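Summary of the model geometry
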Amino acid sequence: MITLREVDAANFNEVINLKRESFQYVGGPEHVLAEAYIYRSDSTAYAICSDGAPVGLVILRDRPEEGYPYSFTGIFIADDQQRKGFGRAAVEAVMQKFRQERLRGEVEIQVHCQNGPALKIYRSCGFREIRRAQWNADFLVMRAKL
Ligand SMILES: CC(C)(COP(=O)(O)OP(=O)(O)OC[C@H]1O[C@@H](n2cnc3c(N)ncnc32)[C@H](O)[C@@H]1OP(=O)(O)O)[C@@H](O)C(=O)NCCC(=O)NCCS
């Protein structure tokens, strides 16, 4: 079963050792944790856990500023844990968490237009493309209602 657990002193060593050889689309755990620290005013890093053990990471914008939707970024599943359904289950768990907390009614994300596995997951979780990103037209902005 996939659950989300905030990254803290108890799971930090397991999280920082998650294997990621290619930095395509998302960096390694150290990059993701650094980004979460920079955006700590509205965001939190969560370990994606399978039966309690970290298998990936995601940053949730779970305390969005006034006027902004929920969001998540930096999501990855460790190289040796991919293609087991954990990525889709993690996005479903993120949506469920947002639905329960319900600070906003929508979730907005950005994804590279050639990131096939991620696009497949997002579309099946209800995300639809709304436009190209202004900072880089290779990235799609997608939204889903909760
Ligand atoms: C995107 C990512 C999180 C998916 O995680 P995952 O646990 O491997 O995904 P799942 O096992 O849930 O697979 C979801 C779907 O993608 C497909 N898929 C996953 N990896 C794939 C690959 N390398 N090539 C082709 N299809 C792939 C699966 O077959 C599945 O399709 P299905 O619904 O038809 O069965 C993972 O590939 C990853 O960490 N990628 C690098 C970082 C990244 O791109 N993050 C997203 C940024 S927006």
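Residues numbered from 1 in each chain as written. Predicted model: local features only at pLDDT ≥ 70, side-chain atom pairs only at ≥ 80, totals over all residues.

In this section: the sheet that holds strand β2 (residues 44–50). If you trace the four strands from one edge of the open sheet to the other, you get β1-β2-β3-β4, paired in antiparallel fashion. Taken across any chain shown, the strands that pair with only one partner, and hence form the sheet edges, are β1 (2–6) and β4 (71–77). Shown here is a sheet whose adjacent strand axes are inclined to one another by a mean of 30°, direction ignored. Where strand β3 (residues 53–61) meets β4, five bridges bridge the pair, whose relative direction is antiparallel. Bridged to L60 within β4 is F72. (Pairing = 2+ DSSP bridges. Helix = DSSP H or I, 4+ residues; strand = E, 2+ residues; numbered from the N terminus. Axes fitted to C-alpha atoms, helices over the stretch in contact; angles between N-to-C directions.)

This brings us to the site of the ligand. Around the ligand, 19 residues are found, and the nearest of them are Y25, Q82, G87, R88 and P117. At the level of secondary structure, the elements contributing two or more residues to the shell around the ligand comprise β4, α3 (86–101) and α4 (116–124). Considering each element in turn, the shell around the ligand owes the most residues, five residues, to α4. Looking at side-chain class alone, the shell around the ligand contains 10 nonpolar, five polar and four charged residues. (Near = placed C-beta within 6 Å. Nonpolar A, V, L, I, M, F, W, Y, C, P; charged D, E, K, R; others polar.)

With that settled, the discussion passes to the pairing of strand β7 (residues 139–145). Bridge count for strand β5 (residues 106–112) against β7 is seven bridges, and the pairing is antiparallel. Of the residues in β7, the one forming a bridge with H112 is F139. As defined by bridge partners, strand β6 (residues 128–132) adjoins β7 across four bridges and the pair is classed as antiparallel. The residue of β7 that forms the bridge with E129 is M142. Connecting β6 to the next strand, β7, in antiparallel fashion are six residues.

Ranked by size, the top nonpolar core spans 34 residues in total, and within it I48, L57, V58 and Y122 carry the most contacts. Breaking this core down by element, the ones donating at least two residues are α2 (29–38), β2, β3, β4, α3, β5, α4 and β7. Apart from the residues within four sequence positions on either side, V58 is in contact with Y46, I48, F72, G74, I75, A90 and V94. (Core = buried A, V, L, I, M, F, W, Y, C linked by C-beta atoms within 7 Å. Buried ≥ 20, exposed ≤ 12 C-beta atoms within 10 Å, placed from the backbone. Contact = placed C-beta atoms within 7 Å.)

We now examine α3. In a regular helix each residue adds 1.5 Å, so 16 residues correspond to 22 Å; α3 covers 22 Å between its end C-alpha atoms and thus fits that length. Structurally, α3 contributes buried residues whose contacts are with β1, β2, β3, β4, β5 and α4. The positive-phi residue at the C-terminal boundary of α3 is R102, with phi of around 50°. (Expected span 1.5 Å × (residues − 1).)

Once that is clear, we can look at the environment of K120. Here K120 lies in helix α4. The sequence separation of K120 and F12 amounts to 108 residues, and the corresponding C-alpha distance is 30 Å.

Another point: the environment of C113. Looking at where C113 falls in the secondary structure, it is placed in the loop between β5 and α4. Residues C113 and I2, spaced 111 residues apart in sequence, show a C-alpha to C-alpha distance of 26 Å.

A word on the environment of R99. Along the chain, R99 turns up in helix α3. C-beta crowding within 10 Å serves as the criterion here: with 12 such atoms nearby, R99 is assigned to the exposed category.

Moving on to unusual backbone geometry. The backbone of D51 shows a phi angle near 50°, a positive value even though the residue is not glycine. For D51, the position within the fold is in the loop between β2 and β3. Backbone geometry places R83, a non-glycine residue, at a positive phi of 65°. Counting through the fold element by element, R83 comes out in the loop between β4 and α3.

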